[in-house]
Number of protein chains: 2
Amino acid sequence: MNQQELIVFMVRSAWNSQVKRTDTLFDSFTYEQMLQPIAPGKNRAAYLAGHLACVNDQMLKLLGLGERNFSQLDPTFITNPDSAEVDAMSIPSIKKIWKDSNQKLSSCFDKMKSEEWFERHTAVSVEDFAREPHRNKLNVLISRTEHLAYHLGQLMLLKNKAD
Amino acid sequence: MNQQELIVFMVRSAWNSQVKRTDTLFDSFTYEQMLQPIAPGKNRAAYLAGHLACVNDQMLKLLGLGERNFSQLDPTFITNPDSAEVDAMSIPSIKKIWKDSNQKLSSCFDKMKSEEWFERHTAVSVEDFAREPHRNKLNVLISRTEHLAYHLGQLMLLKNKAD
């Protein structure tokens, strides 16, 4: 494993670890827990599951891995805060898009060569990337790993709440 | 900037960004907010500030950057959950160790060459590192960035609570 492969392994492992922890947590949540706010007046777990799924789905396009699968849900889970819109979807269907989005990403990541991670992502221009080579695909994954950890910290507050 | 320098820049930038967001948040918190739990029955902001400061302090030793400055606070902020022990310290003194720990780390990181980040950290043996070269200093920083993001997500729940 050369240094480029090593760093991609490290960043992908960090991502996988956060995905696994979050997935295990969602699996453990009852229907009631999914509808509980993480703190009084804050987002419900169901909203965050849909939010994380939509952010995953956006990554497909940002990393040039293909078309998005459920961009129609952006208004519900990204553009707007938690609302009655979320209740229009069933809990199992929200849990499913979370799982599907991770499987899709994982399968796409497996096909990427390590050098591809150092290419520009689709939201940065050729000119900007020439000046700022850190705005590459690996940096997107680093940023999304932090985003996931941020919300995992919130979701953990619901753990054992129903016990 | 070669690829090794680029990746160290990316990981350090991610760390700095989370530190800055968290620091701005702690700066904005009133005395009352520092003593509020992030959710009913959960850790208070003051505990989390001390917790993050102690984890920073541990990194000095883990990365071979020098001796720790306040390991005597580990029982209060790492080994045990939030308790009356926290109230034995003043809020300004807790905010100060948070800031000091970041300044110390930043100053140490500035002196590190990019190749040093790929050396083993002090909690992995020479033998294990030969088999698992990803257990390097950069991986510690990636992991601590997620840890910080995790708690930042929780601390954000207190934002505007006093408004």
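Our subject is the structure listed above.
No experiment lies behind these values; they were computed from the predicted model shown.

### Concerning the overall build of chain A
Okay, step 1: On a plain count of helices and strands, chain A comes out with 8 helices and 0 strands.
Okay, step 2: Shown N-terminal to C-terminal, the secondary structure of chain A runs as helices and strands in the order α-α-α-α-α-α-α-α.
Okay, step 3: By the compact-globule yardstick of 15 Å for 163 residues, chain A fits well, its C-alpha radius of gyration being 17 Å.
Okay, step 4: For chain A, with 163 residues in total, the buried portion stands at 49%.
Okay, step 5: Pairs at least 24 apart in sequence give 68% of the contacts found in chain A among residues at least 6 apart.
Okay, step 6: Surface accessibility of chain A: about 7,600 Å² in total, with carbon and sulfur atoms responsible for 51%.
Okay, step 7: Across chain A, 20 positive and 20 negative side-chain charges occur, with their mean positions spaced 2 Å apart.

### Focus on the interface of chain A and chain B
Okay, step 1: Between chain A and chain B, the contact holds 31 residues from the first and 31 residues from the second.
Okay, step 2: Around 2,600 Å² of area is buried between chain A and chain B when both sides are counted, 70% of it from carbon and sulfur atoms.
Okay, step 3: When residues of chain A are sorted by the area they lose upon contact with chain B, M10(A), Y150(A) and L157(A) head the list and together hold 24% of the total.
Okay, step 4: On the surface where chain A and chain B come into contact, there are 0 salt bridges.
Okay, step 5: Here chain A and chain B share 6 residue pairs in polar contact (both at pLDDT 80 or more) between them.
Okay, step 6: Of all the elements in the fold, those that place two or more residues in the side of chain A that touches chain B are α1 (3-28) and α8 (137-155) of chain A.

### Regarding the pattern of salt bridges
A side chain with one charge can pair with a side chain of the opposite charge if their charged atoms come near.
Residue and element names in this part refer to chain B.
Okay, step 1: Counted according to the given criterion, the structure contains 22 salt bridges over all chains.
Okay, step 2: The salt bridge involving R12 is made with D110; its shortest N-O contact spans 3.0 Å. Taken together, the residues span a long stretch of sequence, with R12 in helix α1 (residues 3-28) and D110 in helix α6 (residues 91-111) at a distance of 98 residues.
Okay, step 3: Its relative accessible area of 15% is what places R12 among the buried residues.
Okay, step 4: What makes D110 exposed here is its relative accessible area of 54%.

### Let's talk about the environment of I142(B)
Okay, step 1: Mapped onto the elements, I142(B) comes out in helix α8 (residues 137-155).
Okay, step 2: Of the residues examined, I142(B) reaches a relative accessible area of 12% and is grouped as buried.
Okay, step 3: Once the C-alpha coordinates of I142(B) and Q36(B) are considered, the two residues, 106 residues apart in sequence, prove to be 29 Å apart.
Okay, step 4: For I142(B), the contacting residues outside a window of four places in its chain are M10(A), V11(A), A14(A) and V11(B).

### Regarding the side chain of Q18(A)
Okay, step 1: Within the fold, Q18(A) resides in helix α1.
Okay, step 2: Judged by its relative accessible area of 4%, Q18(A) falls in the buried class.
Okay, step 3: Apart from the residues lying within four places of it in its own chain, the contact partners of Q18(A) are T145(A), L148(A), A149(A), L152(A) and E146(B).

### Let's talk about the relation of the copies chain A and chain B
Okay, step 1: For the match of chain A to chain B, the screw axis carries a shift of 0.0 Å, the RMSD comes to 0.0 Å, and the turn is 180 degrees. Both copies of the chain, as the preceding transformation shows, are related through a two-fold rotation axis. Identified as the residue of chain A closest to the rotation axis by C-alpha distance is Y150(A), at 2.1 Å.

### A few points about the packing of aromatic side chains
All names here are of chain A.
Okay, step 1: A full pass over the atoms with the stated rule returns 8 aromatic pairs over all chains.
Okay, step 2: Both rings, one in F26 and one in F29, keep their centres 6.3 Å apart while their planes meet at 80 degrees; by these two values the pair is edge-to-face. Of the two residues, F26 and F29, both sit in the buried class.
Okay, step 3: With centroids separated by 5.5 Å and ring planes inclined at 70 degrees, the aromatic side chains of F26 and W98 adopt a geometry described as edge-to-face. Taken together, the residues span a long stretch of sequence, with F26 in helix α1 and W98 in helix α6 (residues 91-111) at a distance of 72 residues. Like F26, the residue W98 is buried in the burial classification.
Okay, step 4: One aromatic cluster is present, built from ring pairs that chain together F26, F29 and W98.

### Description of α8(A)
All names here are of chain A.
Okay, step 1: Given a rise of 1.5 Å per residue, 19 residues ought to cover 27 Å, and the 27 Å separating the end C-alpha atoms of α8 matches this to within 8%.
Okay, step 2: With 16 of its 19 residues buried, α8 lies for the most part within the structure.
Okay, step 3: For α8, the side-chain oxygen to backbone nitrogen distance between the N-cap and L138 is 3.2 Å, and the N-cap itself is N136.

### Some details on the side chain of D74(A)
Residue and element names in this part refer to chain A.
Okay, step 1: Residue placement: D74 occurs in helix α4 (residues 74-79).
Okay, step 2: Residue class for D74 comes out buried when judged on its relative accessible area of 13%.
Okay, step 3: Setting aside residues no more than four positions away along its own chain, D74 makes contact with C54, Q58, R68 and T79.

What counts as what
- Residues numbered from 1 in each chain as written.
- Chains lettered and ligands numbered in written order.
- Predicted model: local features only at pLDDT ≥ 70, side-chain atom pairs only at ≥ 80, totals over all residues.
- Heavy atoms only, no water.
- Helix = DSSP H or I, 4+ residues; strand = E, 2+ residues; numbered from the N terminus.
- Rg over C-alpha atoms; globule rule 2.2 N^0.38 Å.
- Buried < 20%, exposed > 50% of the residue type's maximum accessible area, 1.4 Å probe, protein only.
- Contact = heavy atoms within 4.5 Å.
- Areas by Shrake-Rupley, 256 points an atom, 1.4 Å probe, with all protein chains shown as cover.
- Lys, Arg positive; Asp, Glu negative; His and termini not counted.
- Charge placed at Lys NZ, Arg CZ, Asp CG, Glu CD.
- Buried area = accessible area lost by both parts, 1.4 Å probe.
- Salt bridge = Lys/Arg side-chain N within 4 Å of Asp/Glu carboxyl O.
- Polar contact = N/O pair within 3.5 Å; in protein donor to acceptor, adjacent residues only side chain to side chain.
- Least-squares fit on C-alpha atoms with pLDDT ≥ 70 in both.
- Phe/Tyr/Trp six-rings, centres within 6.5 Å; stacked < 30°, edge-to-face > 60°.
- Expected span 1.5 Å × (residues − 1).

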